[in-house]
Amino acid sequence: MGAGKSTLGAEVAERIGRRLVDVDREIEATAGDTIPEIFRSWGESGFREIEEEKAVETLSAREPLVVALGGGALRSDETRRLLRERATTVLVDVNVETAWDRSRRSDRPLAQDEAEFRRLYDERLPVYEEAADVVARDADDVVLAAGGVHVHVGSLELLGELLPGAGPAALVADAHVAGIYGADAQLAIGDRLGSTHTVPRGEEAKQASVCERLWQELRLDRGGIVVALGGGCTSDVAGFAAATYLRGVAWAAVPTTLLAQVDAAIGGKTAIDLPQGKNLVGAFNWPARTVIDPALLETLPESERRAGMAEVVKTGLLAGERIWELPDAELVRRCALYKTAVCLRDPHDRGERAVLNLGHTFAHALEAAAGYEAITHGRAVALGLRAALRLSVDHLGLDQAVPEDVERVLAPQPVAVDVDRAWAVLRRDKKSEAGRVKLVLLETRGKPVHGVELPAGDVRRALESLVVT
Ligand SMILES: NC(=O)c1ccc[n+]([C@@H]2O[C@H](COP(=O)([O-])OP(=O)(O)OC[C@H]3O[C@@H](n4cnc5c(N)ncnc54)[C@H](O)[C@@H]3O)[C@@H](O)[C@H]2O)c1
Ligand SMILES: [Zn+2]
């Protein structure tokens, strides 16, 4: 009571693209009466019965929702069971003074007397803490919680507590990452650790043969969980193995590269490569938890950091914030937050999620034409952003200061590739339709548009500007 659930609930619902169901409002709508009136006519126990019925109905809905639950709803065993099984339960952290201050002048039946209000607060708090998966202070916290994403310095140590369920865990890492963080992760997982598996370093991990070996090695039942510790290559193959093993077991991502913390470990896309191209076989499989410890970036080599920085700048442009100037922990959190919200709004990549492809149509073309070993993804994305921003200036009137800003941060060197080859790839891009290139451009900082079609000549010239011959 007085925690601000309804306001917060509305903001979160808007940000993750779900409907808000405020159980108190639903009760009033169904009863055709206000809660004080229902208390007067039926007593508190009568109200609790109606409340339980509404809460159960809401928590059983198939549609993903944001639910604001009334303060006493947790007295019901059935409601608590459904929260455990079907919801991420967020306790909105508010002290008793603030809560009383907000509630005292209302007509809420249980907020008429301060001493009684405080007694109720003390009585309910342990019940709330028991039921809560996460304690949140603001809407950002709730959005991250809704995505199962935890960003905290030191969270690797808490991995055991953060893993959902109670079944055995299978830890997957490449040998290099296992050498640095494997023992800490094993210690944190504790008794639940069933087995540890090694995958090759880098893109070599994302092969069908590696996936097949994982399928054969895993000894999990449906209640088990795969834990991917490492960069985007490890999480892609481990997440895909988890999606397919026993028709799907849960997985958790513990990203250790900047790229994985701000991008690859969030949003539920998993994939392996084919000789015909990258990421051609995969699954949408949202990790049950993503545990991000920005302190793990301390051991990351500079070249890997640069690769991630291109995605950070991309995210900053999309979000309209200079995220790249923030210290690591905050930078990672802002990026994770942005990607989580977009992906929750469009989990299966049918619309708005396309904005995450800013700069990537050009990047993929350069990577394919150069051969993936010859150019890093980070450099390709930095160049791709240059092209996308120039086109945005020319066609959408984007402020020229935006590309200048990006140049200062990323300063990518043009690459030596065959322009005709890159152009052919660009026109066949996954996001193109019938040979017509669809681009993501930026109208202003924080306002991307996707599906933009431009004259082929202009797009080709933008591509040419990224290439040295
Ligand atoms: N699924 C998605 O949504 C998504 C999004 C973006 C990228 N990706 C994929 O991610 C992959 C690239 O990810 P990546 O760059 O993280 O690659 P990666 O997993 O190969 O890691 C890069 C290298 O850094 C090392 N490393 C990792 N963490 C370290 C640490 N903390 N300290 C020292 N060394 C460390 C690894 O051993 C590896 O050699 C690509 O295959 C890409 O397709 C997937
Ligand atoms: Zn990328």
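The coordinates are above.
Residues numbered from 1 in each chain as written. Chains lettered and ligands numbered in written order. Predicted model: local features only at pLDDT ≥ 70, side-chain atom pairs only at ≥ 80, totals over all residues. Heavy atoms only, no water.

Would you explain the packing of aromatic side chains in this entry?
Two aromatic rings are characterised by how far apart their centres lie and by the angle between their planes. All chains considered together, the criterion is met by two aromatic pairs. Considering the side-chain rings of phenylalanine 39 and phenylalanine 47, the 5.0 Å spacing of their centres and the 40 degrees angle between planes classify their relative orientation as tilted. By relative accessible area, phenylalanine 39 is classed as buried at 14%. On the basis of relative accessible area, phenylalanine 47 is assigned to the buried category, the value being 3%. Aromatic pair tryptophan 100 and phenylalanine 117: ring centres 5.1 Å apart, planes at 55 degrees, arrangement tilted. On the criterion of sequence distance, the pair formed by tryptophan 100 in helix 5 (residues 96-103) and phenylalanine 117 in helix 6 (residues 114-131) is long-range, its members being 17 residues apart. Given a relative accessible area of 9%, tryptophan 100 falls into the buried group. (Phe/Tyr/Trp six-rings, centres within 6.5 Å; stacked < 30°, edge-to-face > 60°. Buried < 20%, exposed > 50% of the residue type's maximum accessible area, 1.4 Å probe, protein only. Helix = DSSP H or I, 4+ residues; strand = E, 2+ residues; numbered from the N terminus.)

Mind showing me how you'd approach the pattern of salt bridges here?
Oppositely charged side chains may form a pair once their charged atoms are brought near each other. Applying the stated criterion to the full structure yields 41 salt bridges. Between glutamate 203 and lysine 278 there is a salt bridge, with the nearest N and O atoms lying 3.4 Å from each other. Within this pair, whereas glutamate 203 is found in the loop between strand 7 (193-199) and helix 10 (208-217), its partner lysine 278 is found in strand 11 (residues 277-284), the two being separated by 75 residues in sequence. Residue glutamate 203 is classed as partly exposed on the basis of its relative accessible area of 32%. A salt bridge links aspartate 458 to arginine 461, with the nearest nitrogen and oxygen atoms 2.7 Å apart. Here the residue aspartate 458 and the residue arginine 461 both occupy positions in helix 19 (residues 456-464), the gap between them amounting to three residues, near one helical turn. Among the residues examined, aspartate 458 registers a relative accessible area of 21% and is labelled partly exposed. What you see here is one network of salt bridges that share partners, running through Glu11, Arg15, Asp140, Glu321 and Arg334. (Salt bridge = Lys/Arg side-chain N within 4 Å of Asp/Glu carboxyl O.)

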